[in-house]
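# Report on the structure
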Amino acid sequence: MADHPKSVFVLTGAGISAESGLGTFRDAGGIWATFDPMTLATPEAFARDPETVQAFYNARRQNLVAAEPNPAHRALARLEAGLAARGGSLTLVTQNIDDLHERAGHREVLHMHGELLKARCASCEAVVEARADLSTADSCGTCGRTGGMRPHVVWFGEIPFHLDAIEERLMAADLFVAIGTSGAVYPAAGLVGAARQAGIATREINLEPSDNAYLFDEADYGRASEAVPRWVEAMLGG
Ligand code: APR
């Protein structure tokens, strides 16, 4: 790892929010072990059975509203401030649709898979805050259309957000760190390979080796609430 890297790019996944009580997807008992993503997380599923899809996201939204950030989220917010104070920068890209990074004090978060606490009109694309349940009875405050207010999240088969910014920020980084992600879903899972090709140092922090663990120069395995603060202290204290 570059000593005292100044420009750090962090990619987080569901594992960083696991200890806040939000489900992961591919662990034993994970969300996709319980629910079929093809019936809940695709545009076709929403068109076919919107109320079932809304109910799935309504339950996750209520779980999120009751959840709290954990020490891993707070440590990354400290790292963002600490790097800025020494003229460096932290780019945080998350696959998570929760707002726990923001609630931990993180200032800039790029949600490449969208945000559970926002809704988007399928007709005019207007995006609004959504903390309460969504239903097909909701109408859009911008275009007035009823029935098309969907969770502002990226479903399978849709294009993730911020891809240009992600590419640009990654290529400017001197360290890429993946935290709490299985490395199973692209394009997020391809970022470590792009970093290596660009000669950028790479580190994985995860409960166990991910699907692309072999691509990382260094790794810390353990629970995020312990491993991330330890890594951040080393980054800021050293
Ligand atoms: N601390 C650290 N890592 C953990 C913890 C923990 N307490 N608990 C679980 N993990 C790790 C798991 O070992 C696993 O490698 O977090 C990872 C979670 O992997 P996934 O469940 O596949 O979640 P993620 O990688 O974020 O999934 C990517 O898939 O379904 C889509 O859109 C969804 O954004 C999601 C994407």
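Small disclaimer: the values here were computed from a predicted structure and weren't measured.

Mapped onto the elements of the fold, His101 is located in helix 6 (residues 100-103). His101 gets classed as buried once you look at its relative accessible area, which sits at 0%. At 3.0 Å, the side chain of His101 forms a polar contact with the side chain of Thr12. Non-local contacts of His101, meaning those with residues more than four positions away in its chain, are made with Thr12, Ile16, His73, Leu76, Leu92, Thr94, His106 and Val109.

Bringing empty space enclosed by the protein into the picture now. Evaluated as defined, the whole model comprises 1 cavity of 30 Å³ or more. Roughly 80 Å³ of volume is contained in the largest cavity. Considering the residues around the largest cavity, the lining is formed by 15 residues, among which Leu11, Thr181, Gly183, Ala189 and Asn212 are closest to the centre. Of the residues assigned to the lining of the largest cavity, the class counts are 9 nonpolar, 5 polar and 1 charged.

Attention now moves to the pattern of salt bridges. In the structure shown here, the tally under the stated rule is 11 salt bridges. With a shortest N-O distance of 3.1 Å, Lys118 and Glu115 are connected by a salt bridge. Accessibility expressed as a relative area gives 22% for Lys118, which makes it partly exposed. Its salt-bridge partner being Asp217, residue Arg196 comes within 3.2 Å of it at the nearest N-O pair. On the criterion of sequence distance, the pair formed by Arg196 in helix 8 (residues 191-197) and Asp217 in the loop between strand 8 (201-206) and strand 9 (218-221) is long-range, its members being 21 residues apart. By relative accessible area, which is 38% here, Arg196 ends up partly exposed. The structure contains a network of salt bridges with shared partners spanning Glu19, Arg223 and Glu226.

Here we take up the site of the ligand. The environment of the ligand is made up of 23 residues, and the closest members are Phe25, Arg26, Trp32, Thr181 and Ser182. A distance of 2.7 Å separates an oxygen atom of the ligand from a polar side-chain atom of Arg26. Between the ligand and Glu208 there is a distance of 3.5 Å, counted from an oxygen atom to a side-chain nitrogen or oxygen. Out of a free accessible area of 730 Å², the ligand has 93% covered by protein chains. Residue classes in the shell around the ligand are distributed as 8 nonpolar, 10 polar and 5 charged. Looking at which domains feed residues into the shell around the ligand, each of domain 1 (1-22 + 69-113 + 160-238) and domain 2 (24-66 + 116-153) supplies at least three.

The next thing to look at is the nonpolar core. Of all hydrophobic cores here, the largest spans 22 residues; its most connected members are Val8, Val10, Leu76, Val228 and Trp231. Those elements that provide at least two residues to this core are strand 1 (7-12), helix 5 (71-85), strand 2 (89-94), strand 7 (175-179), strand 8 and helix 9 (224-237). A total of 6 residues in this core trace back to one element, the largest contributor, which is helix 9. Those residues in contact with Val8 that lie beyond four places of it in its chain are Leu83, Ser89, Leu90, Thr91, Leu175, Val177, Trp231 and Met235. Counting residues in hydrophobic clusters, the runner-up holds 18 residues, among them Ile31, Val53, Tyr57 and Leu117.

Time to look at the domain arrangement of the chain. Buried accessible area, meaning the area lost when the parts come together, often serves as the stated size of an interface. Split by domain assignment, the chain resolves into domain 1 (1-22 + 69-113 + 160-238) and domain 2 (24-66 + 116-153). The centre of domain 1, based on its C-alpha atoms, is set 26 Å off from the matching centre of domain 2. Counting residues at the interface gives 16 residues for domain 1 and 15 residues for domain 2. Summed over both sides, the interface of domain 1 with domain 2 buries roughly 1100 Å², with 62% coming from carbon and sulfur. When residues of domain 1 are sorted by the area they lose upon contact with domain 2, Leu22, Ile97 and Phe161 head the list and together hold 44% of the total. Applying the counting rule to domain 1 against domain 2 returns 0 salt bridges.

Cut-offs applied
- Residues numbered from 1 in each chain as written.
- Predicted model: local features only at pLDDT ≥ 70, side-chain atom pairs only at ≥ 80, totals over all residues.
- Heavy atoms only, no water.
- Helix = DSSP H or I, 4+ residues; strand = E, 2+ residues; numbered from the N terminus.
- Buried < 20%, exposed > 50% of the residue type's maximum accessible area, 1.4 Å probe, protein only.
- Polar contact = N/O pair within 3.5 Å; in protein donor to acceptor, adjacent residues only side chain to side chain.
- Contact = heavy atoms within 4.5 Å.
- 1 Å grid on protein atoms, 1.4 Å probe; cavity = no way out; pocket = protein on both sides within 12 Å on 5 of 7 lines; lining within 4 Å.
- Points joined across faces, edges and corners; volume = space filled by probe spheres on them.
- Nonpolar A, V, L, I, M, F, W, Y, C, P; charged D, E, K, R; others polar.
- Salt bridge = Lys/Arg side-chain N within 4 Å of Asp/Glu carboxyl O.
- Near = heavy atom within 4 Å.
- Areas by Shrake-Rupley, 256 points an atom, 1.4 Å probe, with all protein chains shown as cover.
- Domains from an automatic or database assignment.
- Core = buried A, V, L, I, M, F, W, Y, C linked by side-chain atoms within 4.5 Å.
- Buried area = accessible area lost by both parts, 1.4 Å probe.

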